[in-house]
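Summary of structural features
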There are 2 protein chains.
Amino acid sequence: MSPRSVRTVAREKPDIRTVASLARVSIATVSRTINGSSAVSDKLSKRVWQAIEQLNYFPNTHARSLVSGRSRIVGIIVEDITNPFFPELIASFEEFAVAQGYEVLVSTGKIENAAQIERIVRRMLERKVEGVAVLTFGSEESVLDQLAMHGIPMVLAEFQVDNPQVRTLAIDYATGIREAVEHLVALGHRKIGYLAGPHTLHSAGTRLHCFQDSTAACGLKIGPDWIVEADHTLNGGVRGMQQLLRLKNRPTAVVCSNDMTAIGVLHAAHQAKLSVPEELSVVGLDDIAFTQYTLPPLTTIGLSRHALGRAAFEALYQQAEPNESSASKPNYIVSTKLVLRESTAPPPAGR
Amino acid sequence: MSPRSVRTVAREKPDIRTVASLARVSIATVSRTINGSSAVSDKLSKRVWQAIEQLNYFPNTHARSLVSGRSRIVGIIVEDITNPFFPELIASFEEFAVAQGYEVLVSTGKIENAAQIERIVRRMLERKVEGVAVLTFGSEESVLDQLAMHGIPMVLAEFQVDNPQVRTLAIDYATGIREAVEHLVALGHRKIGYLAGPHTLHSAGTRLHCFQDSTAACGLKIGPDWIVEADHTLNGGVRGMQQLLRLKNRPTAVVCSNDMTAIGVLHAAHQAKLSVPEELSVVGLDDIAFTQYTLPPLTTIGLSRHALGRAAFEALYQQAEPNESSASKPNYIVSTKLVLRESTAPPPAGR
DNA sequence: GAAACTGCTGGAAACGGTTACGATTGCCGG
DNA sequence: CCGGCAATCGTAACCGTTTCCAGCAGTTTC
């Protein structure tokens, strides 16, 4: 009738049966040639592929995962979509997942109460994910427990857990952070402050330890009020810096647990008429894109979200794919390194 | 044997059959009470819910969508995950989708050649999405065509298309942009530049038109080289501003097609020792979180990603849910408004 | 008091694949 | 020429739901 019906007519979606009959073989053979699950003669295989091509056929994912029990879906849980680090991490994770024919189910949004946890676990379970990457704050241990209870493989960053279903991605914060404090020390700084991440976040803890180790190794004495806990947000950085500014004896440099914090610090310093880097040096961590465009451009410890996303997916993939010939359980290591820009300089003359 | 086996034992996942036999009813009845697809007596209904509760049962999504033909998955396609606007948009979209029991399939990543388009369409088709929100650059028309050809409902921002399967979200850029130029004019500016988005992006086109209409309405004459095309990235903003700076007669204010561009402008101005806002006023568009923390904080035209994400999902939902009693095809409107911060001021004395 | 409805309920047939199992074929050595 | 074995293929069972259809009470209507 209407012309539009022509455009959307799209002849019936082809069956596996359609393919089989066009190729004059059984549906079992079609399935086998598609999945390579068992040998098919060249002659038939050719006919089948030809029919598939001709019909523009592709298998119905739902039927497939219903019978095989494998969904080819992996989940990823992050909390702070506002920090550009995470979108890029998700994008990378997705890239590798899609390349292997997996789809990814993303859960963003803070998770604060039992109902939300329940909801996330439910989503993952309903769609029968084959694994979940948990890259979040630390408040989610109960998510881990529930997922583990259902036997779902997981991977998490920088947080050892005794469950064999859980793999840990080792991130070498130590190197980058050491480079950063050595850099500051070389510039002449002796009083270095630290804006930590939330104590609930495990990776924030290891970052802090790396900082403490590095300063100790350099023979620095770090005043206890030079270390203040922020929350990895812009505003947290502002407040943290304001707290440092109230000190009578304050640091001449401050390293931050992430870039968002550092950008907040820049803002707070400017408000207080403190010029960076002349009167205060600051270094961030993550190397998000914005750090190149702050005033001044931020010296920061680079951490590749691309590498992290890849490692996260691969760790999952290995557990999901039974045929993957590696009984090994490699310790994925993601490295970090200092990238110098313009937010660091020697401390002001009077120390 | 090992203690761990206890933790992951997780008795067999309950069937619909398990529920049925525990409740002493047929599986048809269980299905009906769950879906409310047809009346079930109170007595049986109660027994069924009780059994569900007791077994901690939930339906197998794959089986469900195999037979029903409905996947309860919607897709969303964005290109620039690096612009914080989009992650927040995705998060909002996801929030509303999940609230309605939908799952969302995200496709990020630039789409530049036919193979990538093919890949995206394939992903959406394989998982049988019930609709797709396309919020991207303009280069993807062939994605639209292919999706439309398969009869998949779509929603896109600010881009009219003649296909009835496609709904358009109207975004009221006019108001916010008018407020912005009126604001600048009130401050005394008469020479206003514009850093446009890529011409391939339709919404960038309408933004530009709004700017031109507003300046015309104010009786301003805009020099042709005051309008330069950027690409909505940080670096694009830098380059665009540098181009404006090369002009002998350059604008005293510049409005940008988005915040990323504006932040780039701030950076370029600083490099050129131009102080904002004293020597140059700049206004962005989007109101991403970072604009509060730039130096100076950016005056920008706010556009709620929350509202946009909601509108996008609802437009899709309406097309997907047959029972939704609205034959109406509402024009979703998302509004914009100017938010004043510190990047605008009267032009320097000598005009 | 039978016929015609109404409202619930259960049996069984799909949905579109994968895969266990058996059947068929071809090739080989004896 | 025959038995045996490996390679290949087809038949049918199954995955966990939804839903059509028929059955069966309990009412209502003549």
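Rules used throughout
- The residue numbers shown here count from 1 along each chain, following its written sequence.
- As they are written, the chains are lettered A onward and the ligands numbered 1 onward, keeping that order.
- A pLDDT threshold of at least 70 governs which residues receive local features in this predicted model, and a stricter bar of 80 or more applies before side-chain atom pairs are shown or counted, although totals over entire chains, interfaces and linings include all residues.
- Working from all heavy atoms in the structure, the side-chain values ignore hydrogens and water.
- The buried label goes to any residue with under 20% of its type's maximum accessible area, the exposed label to any with over 50%, and the partly exposed label to all in between, with areas taken from a 1.4 Å probe on protein chains only.
- In this text, helices come from DSSP runs of H or I with a minimum length of four residues, and strands from runs of E with a minimum of two, each type numbered from the N-terminal end.
- Should DSSP find at least two bridges between two strands, the strands are regarded as paired.
- The rule for a residue being near a molecule or strand is that one of its heavy atoms must lie within 4 Å of it.
- N or O atoms closer than or at 3.5 Å make up a polar contact, with two conditions inside protein: a donor-capable atom paired with an acceptor-capable one, and, for residues adjacent in sequence, both atoms drawn from side chains.
- Residues were grouped as follows: Ala, Val, Leu, Ile, Met, Phe, Trp, Tyr, Cys and Pro as nonpolar; Asp, Glu, Lys and Arg as charged; and all remaining residues, including Gly, as polar.
- Predictor confidence is given residue by residue as pLDDT, running from a minimum of 0 to a maximum of 100.
- In this scheme Phe, Tyr and Trp rings, the latter by its six-membered ring, pair at centre separations within 6.5 Å, and the angle between planes marks the pair as stacked below 30 degrees, edge-to-face above 60, and tilted otherwise.
- Only heavy atoms matter for contacts: two residues are in contact if any of them lie within 4.5 Å across the pair.
- Computed with a 1.4 Å rolling probe, the buried area is the accessible surface lost when two parts are put together, summed over both parts.
- Salt bridge, as used here, is a side-chain nitrogen of Lys or Arg placed within 4 Å of a carboxyl oxygen of Asp or Glu.

Side note on the pairing of strand E3 (residues 132-135) of chain B
Residues and elements named next belong to chain B. Every second residue of E3 is oriented toward a common face, with Val132 and Val134 on one face and Ala133 and Leu135 on the other, all of them buried. Bridge count for strand E1 (residues 73-78) against E3 is four bridges, and the pairing is parallel. The partner of Ile76 across the bridge, within E3, is Ala133. Pairing geometry for E3 and strand E4 (residues 154-157), over three bridges, is parallel.

Let's talk about the protein's contact with DNA strand C
The environment of DNA strand C is formed by 26 residues, the closest being A:Ile16, A:Ser31, B:Thr29, B:Arg32 and B:Ser41. Close to the protein, within 4 Å, the atoms of DNA strand C are drawn from sugar and phosphate at a rate of 61%. Measuring from a sugar or linking oxygen of DNA strand C, one finds a side-chain N or O atom of A:Tyr57 at 3.1 Å. Sorting the residues of the surface near DNA strand C by element identifies helix H2 (16-23), helix H3 (27-35) and helix H5 (61-68) of chain A together with helix H3 (27-35) and helix H5 (61-68) of chain B as the ones contributing at least two each. Of all the elements, H3(A) adds the most residues to the surface near DNA strand C, at five residues. Taken together, the residues of the surface near DNA strand C sort by class into 15 nonpolar, six polar and five charged.

A closer look at the confidence of the model for chain A
When pLDDT is averaged along chain A, the result is 89, and 91% of the positions lie at 70 or above. Element-level mean pLDDT values for chain A span from 32 in helix H1 (residues 4-7) of chain A up to 98 in strand E8 (residues 253-256) of chain A.

Observations regarding the packing of aromatic side chains
The final tally for this structure, using the stated rule, is 13 aromatic pairs over all chains. Relative to B:Phe86, the ring of B:Phe85 has its centre 5.4 Å away and its plane inclined at 90 degrees; by these criteria the two rings are edge-to-face. Three or more aromatic residues joined by ring pairs form one cluster here, namely A:Phe93, A:Tyr102, A:Phe313 and A:Tyr317.

Describing the protein's contact with DNA strand D
Of all residues adjacent to DNA strand D, which total 26 residues, the nearest are A:Thr29, A:Arg32, A:Ser41, B:Ile16 and B:Ser31. Atoms of DNA strand D within 4 Å of the protein belong to the sugar or the phosphate in 61% of instances, the rest to bases. Between DNA strand D and B:Ile16 there is a distance of 2.8 Å, counted from a phosphate oxygen to a backbone nitrogen or oxygen. One of the side-chain N or O atoms of B:Asn35 is found 2.9 Å from a phosphate oxygen in DNA strand D. For the surface near DNA strand D, the secondary structure elements donating two or more residues are H3 and H5 of chain A together with helix H2 (16-23), H3 and H5 of chain B. Class assignment of the residues belonging to the surface near DNA strand D gives a composition of 15 nonpolar, six polar and five charged.

A word on the interface of chain B and chain A
With 61 residues of chain B in contact, the opposing surface of chain A contributes 62 residues. Summed over both partners, the interface of chain B with chain A buries about 5,500 Å², with 60% contributed by carbon and sulfur atoms. Among the residues chain B hides against chain A, the three largest losses belong to B:His62, B:Arg127 and B:Tyr293. Together they make up 15% of the total. Taken together, chain B and chain A are joined by four salt bridges. Listed by contribution, the elements that provide at least two residues to the side of chain B that touches chain A are helix H1 (4-7), H5, helix H6 (85-99), strand E2 (103-107), helix H7 (114-126), helix H8 (141-149), helix H11 (234-245) and helix H12 (259-271) of chain B. Grouping the amino acids of the side of chain B that touches chain A by side-chain chemistry returns 29 nonpolar, 18 polar and 14 charged.

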